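Here is how the chains run, residue by residue.
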Amino acid sequence: MTTRHFLTLLDFSSEELRRVIERATYIKTLRLRGELFQPLRGKTLGMIFDKSSTRTRVSFEVGMLQLGGGAIFLSPRDTQLGRGEPVEDTARVVSRMVDGLMIRTFEQRTLEVFASHSQVPVINGLTDMYHPCQLLADVLTYEEHRGSIQGRQVTWVGDGNNMCHSYINAAIRFDFRLNIACPAGYDPDPDVLARGADRVTLLRDPVAAAAGADLVVTDVWASMGQEEEQRERAAAFRGFQVNAEVMAAAKPDALFMHCLPAHRGEEVTAEVLEGPQSVVWEEAENRLHAQNGLLEFLLA
Ligand code: CP
Ligand code: NVA
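Since we're looking at a predicted model, the values are computed, not measured.

Caption draft 1: Region of interest: the pattern of salt bridges. This model, assessed by the stated rule, comprises 17 salt bridges. A salt bridge links D89 to R92; its shortest N-O distance comes to 3.0 Å. Of this pair, D89 and R92 both sit in helix α3 (residues 87–94), separated by 3 residues, roughly a single helical turn. The exposure class assigned to R92 is partly exposed, which follows from its relative accessible area of 43%. When salt bridges with common partners are traced through the structure, they connect D159, E229 and R233 into a single cluster.

Rendered as structure tokens:
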């Protein structure tokens, strides 16, 4: 049997993603009832982080403990990866000892090379191209509040980045419509965009893009690895802030999401982030529950 990986949402069928969300909901319910559920007893997840993380690290580490297993945090600073041992070799060695691997890195290609040399499932914990685990949490959060996301109108405001790409993939797999408002020069990858062409619309005006939206989402203007572009991006993205005017264009019961960390006063106002339509704290918590569904699917 070939090893299953979760490198993008498209690695799973719509039915499989649905199953992950259903199991996440079930495992969350057990947790809230205080019932132990440990399908991963004796199993270990290796976690490689080439970039910083709060939510991803804590949620995977806690999730493995909750499910009866354990997790190991590996950073290039204190592994041989940081001293030039090839990812191919690292993948072959580590995957002989652990039951699953989660990697946060820069290039999607690195992740793909890693996965192709791994004996165990590899999970994308964020690359420059995609952040699929966040989308599991976002869909779970939306559906807890408003029911099925299928057929809904979602609006993405800001950079055509890893999160935006994963929203395009989610629109395909979960069958919703997506408006993207981003400044010229910061469009999503053309191939990713083309894949979603039948349900994704690219616009230049956030207010027009938010018209009739059920969900409004944004993310930072400069992602990890783009720190030196911060100043020019701040200028380019002026006018692409989620504020009261953008939220007013959406449906009155629209939700607001942000994968966090957020920069108040840049991509979102403090008023919206802390406002009644924002579900960002539950969204962050749902990283844990959604990934428990994923970990069960891949490792149990
Ligand atoms: N949203 C998210 O992935 O957060 P971290 O960078 O803190 O893991
Ligand atoms: N686009 C952001 C997401 C952080 C969770 C980044 O890549 O830095």
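Still more to cover.
Caption draft 2: Expanded view of unusual backbone geometry. Residue P261 is reached from L260 by a cis peptide bond, and omega for that bond is 5°. Relative to the helices and strands, P261 is located in the loop between β9 (255–258) and α11 (270–273). At L126, a residue that is not glycine, the phi angle is positive and equals roughly 120°. Relative to the elements of secondary structure, L126 occurs in the loop between β4 (122–124) and α5 (132–146). Unlike most non-glycine residues, D175 shows phi in positive territory, near 60°. Position of D175 relative to the elements: it lies in the loop between α6 (162–174) and β6 (177–181).

Caption draft 3: The arrangement of the site of ligand 1 in detail. All residues adjacent to ligand 1 are S53, T54, R55, T56, R104, H131, Q134, C259, L260 and R287. With respect to ligand 1, the side chain of T56 contributes an N or O atom lying 2.7 Å from an oxygen atom. Among the residues forming the shell around ligand 1, the class breakdown is 2 nonpolar, 5 polar and 3 charged.

Caption draft 4: Looking closely at the pairing of β9. Covered by surrounding structure in β9 are L255 and M257 together with F256 and H258, the residues of both alternating faces. Across 4 bridges, strand β8 (residues 215–218) lies against β9 in parallel orientation. Each bridged residue has a counterpart across the sheet, and for V216 the counterpart in β9 is F256.

Caption draft 5: Looking closely at the site of ligand 2. As a structural note, the neighbourhood of ligand 2 is formed by L126, N161, N162, D219, V220, S223, M224, C259 and L260. Contact between ligand 2 and D219: a nitrogen atom at 2.6 Å from a side-chain N or O atom of the residue. Within the side chain of S223, one N or O atom sits 2.7 Å away from a nitrogen atom of ligand 2. When grouped by side-chain class, the residues that make up the shell around ligand 2 number 5 nonpolar, 3 polar and 1 charged.

Caption draft 6: Seen up close, the packing of helix α1 (residues 14–33) against helix α12 (residues 280–299). Viewed as axis vectors pointing N to C, α1 and α12 meet at an angle of 120°, and their least axial separation amounts to 8 Å. Considering the relative orientation of α1 and α12, their crossing is right-handed. Residues E16, R19, V20, R23, A24, I27 and K28 of α1 lie in contact with α12, whose contacting residues are E285, N286, H289, A290, N292, G293, L294, E296 and F297.

The rules behind the values
- Residues numbered from 1 in each chain as written.
- Chains lettered and ligands numbered in written order.
- Predicted model: local features only at pLDDT ≥ 70, side-chain atom pairs only at ≥ 80, totals over all residues.
- Heavy atoms only, no water.
- Salt bridge = Lys/Arg side-chain N within 4 Å of Asp/Glu carboxyl O.
- Helix = DSSP H or I, 4+ residues; strand = E, 2+ residues; numbered from the N terminus.
- Buried < 20%, exposed > 50% of the residue type's maximum accessible area, 1.4 Å probe, protein only.
- Near = heavy atom within 4 Å.
- Polar contact = N/O pair within 3.5 Å; in protein donor to acceptor, adjacent residues only side chain to side chain.
- Nonpolar A, V, L, I, M, F, W, Y, C, P; charged D, E, K, R; others polar.
- Pairing = 2+ DSSP bridges.
- Axes fitted to C-alpha atoms, helices over the stretch in contact; angles between N-to-C directions.
- Left-handed = near helix turned anticlockwise from the far one by under 90°.
- Contact = heavy atoms within 4.5 Å.

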